[in-house]
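The lines below spell out each chain.
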Amino acid sequence: METVNMETDVVVIGYGAAGANAAIAAHDKGAKVILLEKMATGGGNSRVCGGNLIIPRDMRFADYLDKLSFGTAEREIIDAFVEGATQLESLVKEMGGELVPSQALSPWYTRRRLGGSSVSFPKVPGTENIARLLSFKGQEDIMSGNRLWRFFSSNVERRGINVMLRTPAKELVKNQRGEVVGVIAESDGRTISIKARKGVVLTSGGFENNNAMKWDNLPIKAPVMFMGNPGNTGDGIRMAQKIGAGLWHMGRSSTIMGFKAPEYESAFYMTFLAPGFIYVDKYGRRFVDEATQFGHEFLDYVSFFDMKNLEYPYIPIYGIFDEEARLSGPLYVHNAGYNRDKYKWSLDNKAEIERGWIIEAKTLPELAKRLSMDTASLENTLGKYNESCKMGTDAEFGRPKEHLKSLEPPYYAISLWPTLLNTQGGPRRDKGARVLDPDGMPIPRLYAAGELGSIWGFLYQTSCNIVECIVFGRIAGINAATNPPIES
Ligand SMILES: Cc1cc2nc3c(=O)[nH]c(=O)nc-3n(C[C@H](O)[C@H](O)[C@H](O)COP(=O)(O)OP(=O)(O)OC[C@H]3O[C@@H](n4cnc5c(N)ncnc54)[C@H](O)[C@@H]3O)c2cc1C
């Protein structure tokens, strides 16, 4: 294979939000940068994400995140995150953009998900008014990562940074002193050998589309779908491991519920925009307060393994819903996810009924039959649930009164699978974004940022990922750029 030799100061691997920010920051520190991207377009998960950023008001937010981390990330890293995050609004302004309050999908949805708070876990004491949920100002629809991506990619373009698309990095190169001094990549049947005079930044995302890694590392042994960039196959983890990096947070992910259509590689992000819905397991039984469950922790709700029957009864589950919920808007959170540009979900969910993705039934026995469920079990579940709605109290699962709505025919159902927004694991890093070996020693000149080895190791506060990409992408870029050039 022909080899092309190149040389630069900093190589950044993976062109999503973390990579873009690392490249911009390194460039602005005077470094010459090459950005490698495996896919035909940049953006990764960042381009198709919800585009929401959580912006702390002050350092109180660090206390809150520290409580959610349950000791899975050092306090100094959390502090570095919050310090960077509090400066984001002015940074974005300096770069020519503006952050504005995020819009909700529907007022009911916001009340249900967040109870009016911008933090995911408002029961933690002292969380009132400690953060705001913002997104990039622009003309497009709500929940779009497009505005975010256009902002960062145009900043990369404006600086003339060399972005090499369809050029997957394959190996990191170390010298005899143990420093990372280059990258081997491939492009168009050629080997690209790049010498990095100052450093290498890994920002190649997670392993959402790598079945073997998911099976090994996620806490369940059942299919887990993904809904972002198919190029996120854990390459950076393999490359970092090969040169001696330690790993962390490999079992942690942000998982929502999705619908997987056989025709599409990536799954659809599902939600109900009105209260007329419940979840049932394969046997037609309810198992959770559906209205206030935590959005990104869906895996925890469905990971129960039935030892007696050796199965996961909640994978998949079924969302059963009524006419009002059907007419309240598309079940697909339609501006997020890789399928966003590939399929237009109908506003009334009718086209998806016609496709057979959503099941419609006039009676419960008909619904049970079509879902291969025991009719008596489903009737019992619906009977109890409707009774709870009448009484105004859900004694079984504690669904709040204001979110109880009885289900009447016609009925609709859709299968729901655990679906990754991202994986959070990867090479362990410190507050300077330096990649650490298993003994906690930095691997010289190697940095990482973004969801590849993210700092989120236990409970995940919504909308921290993108902020982390920006904060630690910048730290990584600046630190790489300020290294002295390698001695040859
Ligand atoms: C539908 C959806 C909604 C979300 N909503 C939000 C939200 O509102 N707020 C929030 O904070 N987070 C959200 N997230 C999570 C967030 O989008 C991601 O965690 C974040 O975008 C990760 O950014 P990144 O730069 O680390 O990785 P990515 O943006 O995924 O970029 C990684 C890039 O590396 C490339 N790559 C992979 N391997 C190689 C290789 N060998 N060589 C070169 N390039 C390679 C990939 O192709 C990809 O382009 C959402 C995720 C999804 C999927």
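This one's a predicted model, so the numbers in the text were calculated from it and none came from an experiment.

Draft legend 1. The overall build of the protein, seen in detail. Tallying secondary structure elements over the protein gives 15 helices and 20 strands in all. C-alpha extents for the protein along the principal axes are approximately 75 × 50 × 45 Å. Counting the 488 residues in the protein, one finds 61% classified as buried. Accessible surface computed for the protein: about 19600 Å², of which carbon and sulfur atoms make up 51%.

Draft legend 2. How the structure looks around the site of the ligand. Contacts to the ligand come from 43 residues, most closely from Glu37, Ser46, Asn232, Glu451 and Ile466. A distance of 3.2 Å separates a nitrogen atom of the ligand from a polar atom in the backbone of Lys38. In the model, an oxygen atom of the ligand is placed 3.3 Å from a nitrogen or oxygen of the Gly51 main chain. In the complex, 98% of the free accessible area of the ligand, which totals 1000 Å², lies under the protein chains. Only helix H1 (17-28), helix H2 (44-47), helix H9 (235-242), strand E17 (411-423) and helix H15 (464-481) provide two or more residues apiece to the shell around the ligand. At four residues, the largest contribution of residues to the shell around the ligand is made by H15. Split by residue class, the shell around the ligand holds 18 nonpolar, 21 polar and four charged.

Draft legend 3. Structural detail: the environment of Thr271. Within the fold, Thr271 resides in the loop between strand E13 (268-269) and strand E14 (277-280). With a relative accessible area of 6%, Thr271 lands in the buried category. Put simply, Thr271 and Ile256 are 15 residues apart on the chain and 9.2 Å apart in space, counted from C-alpha to C-alpha.

Draft legend 4. Spotlight on the environment of Ser253. Along the polypeptide, Ser253 turns up in strand E12 (residues 253-259). Not counting the four nearest positions on each side in its chain, Ser253 is found in contact with Leu218, His296, Leu299, Leu420, Asn422, Thr423 and Gln424. A polar contact of 2.7 Å, which involves the side chain of Ser253, links it to the side chain of Thr255.

Draft legend 5. The sheet that holds strand E3 (residues 53-56), seen in detail. In space, the three strands of this open sheet follow the order E3-E5-E4, with antiparallel pairing throughout. The open sheet has two edge strands, E3 and strand E4 (99-101), and neither has a second partner. Each neighbouring strand pair of the sheet contributes to a mean axis angle of 50°, computed without reference to strand direction.

Draft legend 6. How the structure looks around helix H7 (residues 146-158). Compared with an ideal rise of 1.5 Å per residue, which puts 13 residues at 18 Å, H7 spans 18 Å between its outermost C-alpha atoms and is within 8% of the ideal. Listed in full, the buried residues belonging to H7 are Asn146, Arg147, Leu148, Trp149, Phe151, Phe152, Ser153, Asn155 and Val156. Among the residues trailing H7, Gly160 stands out with phi positive, at a value near 70°.

Draft legend 7. Broad picture of the packing of H1 against H7. Running from N to C, H1 and H7 cross one another at 35°; their axes reach a closest spacing of 9 Å. The two elements H1 and H7 meet at a crossing, and its hand is left-handed. Contact residues: Ala17, Ala20, Asn21 and Ile24 in H1; Trp149, Phe152, Asn155 and Val156 in H7. Along the lines of polarity and charge, the residues of the contact of H1 with H7 split into six nonpolar, two polar and no charged.

Draft legend 8. Broad picture of the packing of aromatic side chains. The tally for this structure, following the rule as stated, stands at 30 aromatic pairs. Arranged with centres 5.5 Å apart and planes meeting at 45°, the rings of Phe268 and Trp357 form a pair that is tilted. Separated by 89 residues along the polypeptide, Phe268 in strand E13 and Trp357 in the loop between helix H12 (350-354) and strand E16 (359-361) bring together distant segments of the chain. Phe268 gets classed as buried once you look at its relative accessible area, which sits at 0%. Here Trp357 falls in the buried class, since its relative accessible area comes to 7%. Relative to Tyr279, the ring of Phe272 lies with its centre 6.4 Å away and its plane at 50°, an arrangement referred to as tilted. Just as Phe272 is buried, Tyr279 falls in that class too.

Draft legend 9. Geometry of the pairing of strand E7 (residues 169-174). Pairing geometry for E7 and strand E8 (residues 180-187), over five bridges, is antiparallel. Along E8, the bridge assignment pairs Ala169 with Ala185.

Draft legend 10. Here's a closer look at the side chain of Gln461. Along the chain, Gln461 turns up in the loop between strand E20 (442-448) and H15. Polar contacts involving the side chain of Gln461 include one to the side chain of Tyr64, which spans 2.5 Å. For Gln461, the residues in contact, after removing those within four places along its chain, are Ile54, Phe61, Tyr64, Leu65, Leu68, Ser118, Val119, Ser120 and Phe121.

Draft legend 11. Structural detail: the pattern of salt bridges. Scanning all chains against the criterion turns up 31 salt bridges. Of the charged contacts in the structure, one is a salt bridge between Glu311 and Lys282, with a shortest N-O distance of 3.6 Å. Of the two residues, Glu311 sits in the loop between helix H10 (298-302) and strand E15 (317-321) while Lys282 sits in the loop between E14 and H10, which places them 29 residues apart along the sequence. Taking the relative accessible area as the measure of exposure, Glu311 reaches 15% and is therefore buried. For Lys282, a relative accessible area of 27% translates into the label partly exposed. Here Arg286 and Asp394 are joined by a salt bridge, their closest N and O atoms 3.0 Å apart. Of the two residues, Arg286 is situated in the loop between E14 and H10 and Asp394 in the loop between helix H14 (375-391) and E17; the sequence distance between them amounts to 108 residues.

Draft legend 12. Quick peek at the domain arrangement of the protein. With domains assigned, the protein is organised as domain 1 (3-252 + 424-481) and domain 2 (254-420). In this complex, domain 1 contributes 40 residues to the contact, which on the side of domain 2 involves 37 residues. Buried area between domain 1 and domain 2, summed over both chains or domains, comes out near 3400 Å², and the portion from carbon and sulfur atoms is 61%. At the boundary of domain 1 with domain 2, the tally comes to two salt bridges.

Cut-off values and rules
- Residues numbered from 1 in each chain as written.
- Predicted model: local features only at pLDDT ≥ 70, side-chain atom pairs only at ≥ 80, totals over all residues.
- Heavy atoms only, no water.
- Helix = DSSP H or I, 4+ residues; strand = E, 2+ residues; numbered from the N terminus.
- Buried < 20%, exposed > 50% of the residue type's maximum accessible area, 1.4 Å probe, protein only.
- Areas by Shrake-Rupley, 256 points an atom, 1.4 Å probe, with all protein chains shown as cover.
- Near = heavy atom within 4 Å.
- Polar contact = N/O pair within 3.5 Å; in protein donor to acceptor, adjacent residues only side chain to side chain.
- Nonpolar A, V, L, I, M, F, W, Y, C, P; charged D, E, K, R; others polar.
- Contact = heavy atoms within 4.5 Å.
- Pairing = 2+ DSSP bridges.
- Axes fitted to C-alpha atoms, helices over the stretch in contact; angles between N-to-C directions.
- Expected span 1.5 Å × (residues − 1).
- Left-handed = near helix turned anticlockwise from the far one by under 90°.
- Phe/Tyr/Trp six-rings, centres within 6.5 Å; stacked < 30°, edge-to-face > 60°.
- Salt bridge = Lys/Arg side-chain N within 4 Å of Asp/Glu carboxyl O.
- Domains from an automatic or database assignment.
- Buried area = accessible area lost by both parts, 1.4 Å probe.

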